[in-house]
Amino acid sequence: MNLERLTGQEVVARASELVKIYRAAFGGPPWHEDDRAADAFAERLAADARRPGFAAVLAADNGGPAGFGTAWRTPRPFPTGRAYDLVRAELGDAVETRLGGALEVDELAVSPHARGQGLAGRILDLLCGRAGSCWLLTAPRATDAIRLYERLGWRRLTGARADVVVFVRSP
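Residues numbered from 1 in each chain as written. Predicted model: local features only at pLDDT ≥ 70, side-chain atom pairs only at ≥ 80, totals over all residues. Heavy atoms only, no water.

Some remarks on the packing of helix H2 (residues 15-26) against helix H3 (residues 35-48)
And then number 1: Across the interface, H2 lies against H3 with an axial gap of 10 Å and an inter-helix angle of 145°. As for how H2 packs across H3, the hand of that crossing is right-handed. Contacts between H2 and H3 involve Ala15, Leu18, Val19, Tyr22 and Arg23 on the former and, on the latter, Asp35, Ala37, Ala38, Asp39, Phe41, Ala42, Arg44 and Leu45.
And then number 2: Residue composition of the contact of H2 with H3, grouped by class: nine nonpolar, no polar and four charged. (Axes fitted to C-alpha atoms, helices over the stretch in contact; angles between N-to-C directions. Helix = DSSP H or I, 4+ residues; strand = E, 2+ residues; numbered from the N terminus. Left-handed = near helix turned anticlockwise from the far one by under 90°. Contact = heavy atoms within 4.5 Å. Nonpolar A, V, L, I, M, F, W, Y, C, P; charged D, E, K, R; others polar.)

Topic: H3
And then number 1: Between its first and last C-alpha, H3 extends 20 Å over 14 residues, near the 20 Å set by a 1.5 Å rise per residue.
And then number 2: Taken residue by residue, H3 has Ala37, Ala38, Phe41, Leu45 and Asp48 as its buried positions. Burial along H3 is one-sided: seen end-on, the buried residues are contained in an arc of 95°. Exposed positions of H3 whose direction lies more than 90 degrees from the buried face are Asp35, Arg36 and Glu43.
And then number 3: On its buried side, H3 packs onto helix H1 (8-13), H2, strand S3 (64-73) and strand S4 (103-110).
And then number 4: You can read the cap of H3 off the contacts: a side-chain oxygen lies 3.2 Å from the backbone nitrogen of Arg36, and it is on Asp34. (Expected span 1.5 Å × (residues − 1). Buried < 20%, exposed > 50% of the residue type's maximum accessible area, 1.4 Å probe, protein only. Arc of directions from axis to C-beta. Polar contact = N/O pair within 3.5 Å; in protein donor to acceptor, adjacent residues only side chain to side chain.)

A few points about the sheet that holds strand S2 (residues 55-61)
And then number 1: What the seven strands build is an open sheet, ordered S1-S2-S3-S4-S5-S7-S6; its pairing is mixed. Of all strands in the sheet, those bounded by a partner on one side alone are strand S1 (2-6) and strand S6 (155-156).
And then number 2: Here strand S5 (residues 134-138) pairs with strand S7 (residues 165-169) via five bridges, running antiparallel. Among the inter-strand pairings, Cys134 is bridged to a residue of S7, identified as Arg169.
And then number 3: Against the sheet, helix H4 (residues 84-91) contacts S3, S4, S5 and S7, and its axis sits at roughly 100° relative to S5. (Pairing = 2+ DSSP bridges.)

Limitation: the analysis is restricted to geometry and does not speak to function.
Below is the structure:
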C-alpha cells in the first residue's frame, strides 16, 4: 500500500480518484450515498482544497485508489453551517477551546476491497501526525467507524445519545 500526502492543488488534479473511493466507501451501509452525494462531495472537495491548512492523504494499492483522508485547521471562532452546528449543540461553547484551531479530519474513506488492513489508521497517522490536536466526527449509526476510532485511541467527547459523535486525539 502506497500513501502520499497531497496539497490542495494536487487533490483538485486527482479529484476523480477521491470521488471513486468516496462512491465505493459510502455507497453501502450505513451511509447509502448515491451519485448525487458523490457529485456534492466533488464540489465540496474543490472548495475545501482552497482552505488554509488543507491537507490530504491518498492511498493506492496495485496502482488503484484505495483510501483517502482530508483535513484542515478549524478556524476561530468556531464556524457555523455544515455539521458545525450539530457539534456546537452537543458540546456548547467548549468547541471554541476544545476544537477551534485543531486539525479537523473532514473525510476518511477506505474502499471496501482495502478494509481490514489497518489502512484507515495509517491514513489518520499520516494526516494528523505533526498536527498536535485533531478532531473528527461521525454519525451514531456508523458503528464500525466508532469502534475504529476507539481502537485507535481517539477519545469520544459526546455522549451515547448524541446526534453526532465527536472524537479528539491529542499529541
